[in-house]
Amino acid sequence: MPVRKIEKAPSAYDYPLLIKNLLRPPLRYFPDREIIYKNTVRYSYLTLEKRIARLAAGLERMGVRQGDTISVMEWDSHRYLECFFAIPMMGCVLHPINVRRPAESLIHTINHAESRVLLANADFIPAIESIQDRLTSLKAVILLADDDTHLETSLPVTAEYESMLAQSDGVFSFPDFDENAMAAIFYSTGAAGIPKGVCFSHRQLVLHTYGIMAGLCSYGFHPSVNAGDVYMPLTPMFHVNAWSLFYLFTLLGAKQVYPGKYDPATILKLIADEGVTFSHCDPPLVHTLINCPEIQSAGLSGWKVIVGGAPLSKSVCRTALSLGIDLCSVYGMAETGPMLTAALLKPEMLSWDIERQVEVRCRTGLPTPMVDIEVTDRTGAPLPHDGKSIGEVVLRAPWLTQGYAKDPEKSEKLWVDGWLHTGDIGFIDSEGYLQITDRTLDAIKSGGEWIDAVALEDMICQHEAVSEAAVTAIPDEKYGERPLAFVVLKEGYRGRVEEEDLRSFLIARVKEGGLSRRGVPDKIAVVDTIPTTSVGKISKKQLLKQHKSTFSLEDGP
């Protein structure tokens, strides 16, 4: 017998899961709570609603229509928050641009997304000018600036943001449409190769918001959040939608603080002045902040921080806890919305000693409600949750991307057998906590950015003195992982070629190849041989084992 469906009245309203509906609760519950940008802008949720409407009206006057892609290149600001609502609420697609990308990557992502309009901070205008002749779909640029300084540019600047908003009365009728409409596209940093377009619908982003609200607000785990928290994102808003957490804190009606371009002293001052109680960031920023001289007088007791993008080291965790920062790890991917797990403490764990808590806080974490996580063997069979059975991490959740834009082959590879394959290796313990232990990809994740080890090896081997090269990851307190390179020199070059010669050569090749500057290893070790496995592959585990004491690898994440 088939399932029975409910009877639907012809006039019944089929309530769509649209981003615009996340904006209604704060206007009802906390309309006077503030949105703050640095120390220069401060306004209420009522004003936020009007500014979102004015932005939509301004874009519509420019000829923007449903389905158009609008790119944004901006520091963390109130303007970015307005874009994350207004653009998808119109039925358009928001494309947050990673401002750290090299020129070739910018060209690819803007063209691939078919961006029609670009909202660009004045700081990024020179970068766009240098590539404008290669942008195939861009028709207009809107200038974002903190002041009214006139900017000379060859770009087709159609409007200045605040002037455009001033031309509207703050009223705009945002339509209903299919909840499966695309709301956002952004581009993964990628473990290797060309960045992939990751797409999310309104339905997925709304469900992600409610899923993480359940996980962070409902179970009495620690740390938790609520509408009384003061939120400041410290994950760039272009990076995986700032984990989409601004949607949660808007839904809650929390006070929100946006710091602009990241500066440690400014961040610490804002935390103190505005009473910030919750943030999210990557391990390098935590490392920078806890080593900032101003931190001793900042008064950070009670500041809750979730840390993702790279493993959280136990030493950083201990130091942060000693300063009163209440932090834990979270895990996700560009393809997952992103949040999947959080290493929250169950109530009974709060009485544990600090060392035992650190073990849990640095785990990959407990799955968020409505996230199914399994570790599987080579046949795809689930493994026991016993804390020792290691396999590939696979996922199901209602907000995972359904595929990459214009790339059906990679999309199908991502979703083998109906499970999203992370490329990560790990185990699940008896308490339900996931722990990532390794990666199936030959790549390094440093401070949240992927570095292609194979590409670096190829570049090093282009040096005339290098016979063989191997690049692997080593634990790093600040970045989670850093690349370490080993080279064997050709006969006759030992003593003639120094480490700095190889580094200078690699820096130039990395720049030419469009890879992240972070990919240049801090250390290039000259060795006699590089060990191989029985089938002739480089044995990086053996290589690290041989040189473990040389590079102090004992305290890894």
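Residues numbered from 1 in each chain as written. Predicted model: local features only at pLDDT ≥ 70, side-chain atom pairs only at ≥ 80, totals over all residues. Heavy atoms only, no water.

### Focus on the sheet that holds strand β20 (residues 434–439)
On the basis of which strands lie adjacent, the open sheet formed by four strands has the order β17-β18-β19-β20 and antiparallel pairing. Pairing within the sheet leaves two strands with one partner each, and these edge strands are β17 (372–376) and β20. Averaged over neighbouring strand pairs, the angle between their axes works out to 50° when direction is ignored. The pairing of β17 with strand β18 (residues 391–396) spans five bridges and is classified as antiparallel. Its bridge partner being in β18, glutamate 374 is matched across the sheet by valine 394. (Pairing = 2+ DSSP bridges. Helix = DSSP H or I, 4+ residues; strand = E, 2+ residues; numbered from the N terminus. Axes fitted to C-alpha atoms, helices over the stretch in contact; angles between N-to-C directions.)

### Considerations on the sheet that holds strand β25 (residues 523–526)
Taken in spatial order, the three strands line up as β23-β24-β25 in an open sheet, and their pairing is mixed. Unpaired on one side and paired on the other, β23 (466–476) and β25 mark the two borders of the sheet. Across the sheet, the mean angle from the axis of one strand to that of its neighbour is 25°, orientation sign disregarded. Contacts from helix α14 (residues 453–460) reach β23 and β24 (480–489) within the one sheet, and its direction differs from that of β23 by about 145°. (Contact = heavy atoms within 4.5 Å.)

### Regarding the side chain of glutamine 204
Relative to the helices and strands, glutamine 204 resides in helix α7 (residues 202–217). Side-chain polar atoms of glutamine 204 contact the backbone oxygen of leucine 400, separated by 2.7 Å. When sequence neighbours within four positions are dropped, the list of residues in contact with glutamine 204 reads Cys199, Pro398, Trp399, Leu400, Thr401 and Gln402. (Polar contact = N/O pair within 3.5 Å; in protein donor to acceptor, adjacent residues only side chain to side chain.)

### Focus: the nonpolar core
If you look at the biggest cluster of nonpolar residues, it comprises 112 residues, and the most contacted ones within it are Leu55, Met73, Phe85, Leu119, Leu245 and Phe246. With sequence-adjacent residues up to four places away left out, phenylalanine 246 is seen in contact with Leu81, Phe84, Tyr231, Met237, Asn241, Gln256 and Tyr258. Ranked by size, the runner-up nonpolar core spans 31 residues in total, among them Ile36, Cys281, Val286 and Val307. (Core = buried A, V, L, I, M, F, W, Y, C linked by side-chain atoms within 4.5 Å. Buried < 20%, exposed > 50% of the residue type's maximum accessible area, 1.4 Å probe, protein only.)

### Quick look at the side chain of aspartate 326
Turning to its location among the elements, aspartate 326 is positioned in strand β14 (residues 326–332). Of the residues examined, aspartate 326 reaches a relative accessible area of 12% and is grouped as buried. Side chain to side chain, aspartate 326 and arginine 361 meet in a polar contact 2.8 Å long. Aside from chain neighbours lying at most four places away, what touches aspartate 326 is His222, Pro223, Trp303, Lys304, Val305, Leu321 and Arg361.

### Digging into helix α3 (residues 78–89)
It helps to recall that an α-helix has 3.6 residues per turn; residues three or four apart then point in one direction. Given a rise of 1.5 Å per residue, twelve residues ought to cover 16 Å, and the 17 Å separating the end C-alpha atoms of α3 matches this to within 8%. Regarding α3, the residues found buried are His78, Arg79, Tyr80, Leu81, Glu82, Cys83, Phe84, Phe85, Ala86, Ile87, Pro88 and Met89. N-capping of α3 is provided by serine 77, with a side-chain oxygen placed 3.2 Å from the backbone N of arginine 79. Trailing α3 by a residue or two, glycine 91 shows a phi angle of about 95°, which is positive. (Expected span 1.5 Å × (residues − 1).)

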